[in-house]
Amino acid sequence: MSERPPLKEQAADHLRKALDADDPDTKNFHIRSALQFEECIEATDQADHPHAD
């Protein structure tokens, strides 16, 4: 089974695909996907480094 690239690479890949896409639906799909990856990255970072309140 092959390993997936890190989340940041997957997000960047979706942004590149969005820039290359001509179809608005395809462009929107890749932008939404990149945003979802960024949310996952942020949640992982917060779990790894909780803020001291």
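Residues numbered from 1 in each chain as written. Predicted model: local features only at pLDDT ≥ 70, side-chain atom pairs only at ≥ 80, totals over all residues. Heavy atoms only, no water.

A. Representation of the overall build of the protein chain in the model. Per the secondary structure count, the protein chain includes 2 helices and 0 strands. Scaling as 2.2 N^0.38, a compact globule of 53 residues should have a C-alpha radius of gyration of about 10 Å, whereas the protein chain reaches 14 Å, well beyond that. Considering the protein chain as a whole, with its 53 residues, one finds that 19% of them fall into the buried category. For the protein chain, the exposed surface amounts to about 4,600 Å²; the carbon and sulfur share of it is 53%. The averaged location of the 13 negative side-chain charges in the protein chain is 6 Å from the averaged location of its 6 positive side-chain charges. (Helix = DSSP H or I, 4+ residues; strand = E, 2+ residues; numbered from the N terminus. Rg over C-alpha atoms; globule rule 2.2 N^0.38 Å. Buried < 20%, exposed > 50% of the residue type's maximum accessible area, 1.4 Å probe, protein only. Areas by Shrake-Rupley, 256 points an atom, 1.4 Å probe, with all protein chains shown as cover. Lys, Arg positive; Asp, Glu negative; His and termini not counted. Charge placed at Lys NZ, Arg CZ, Asp CG, Glu CD.)

B. Here's a closer look at the side chain of glutamine 10. Here glutamine 10 is to be found in helix H1 (residues 7–20). One polar contact links the side chain of glutamine 10 to the main-chain carbonyl oxygen of proline 5, over a distance of 2.6 Å. Look past the residues within four positions of glutamine 10 in its chain and what remains in contact with it is Arg4, Pro5 and Phe37. (Polar contact = N/O pair within 3.5 Å; in protein donor to acceptor, adjacent residues only side chain to side chain. Contact = heavy atoms within 4.5 Å.)

C. Representation of H1. In this model, H1 (14 residues) spans 20 Å end to end at C-alpha, consistent with the 20 Å of a helix rising 1.5 Å per residue. What H1 keeps buried is the set Gln10, Ala11, His14 and Ala18. Projected onto a plane normal to the axis of H1, the buried residues spread over an arc of 100 degrees and lie on a single side. Residues of H1 that are exposed and angled more than 90 degrees away from the buried face: Lys8, Leu19 and Asp20. The secondary structure elements touched by the buried residues of H1 are helix H2 (24–48). (Expected span 1.5 Å × (residues − 1). Arc of directions from axis to C-beta.)

D. Inspection of the pattern of salt bridges at higher detail. Applying the stated rule across the entire model yields 2 salt bridges. Notably, a salt bridge pairs aspartate 13 with arginine 16, separated by 4.0 Å at the nearest N-O pair. Highlighted residues: aspartate 13 and arginine 16, both in helix H1, separated by 3 residues, approximately one helical turn. With a relative accessible area of 47%, arginine 16 lands in the partly exposed category. (Salt bridge = Lys/Arg side-chain N within 4 Å of Asp/Glu carboxyl O.)

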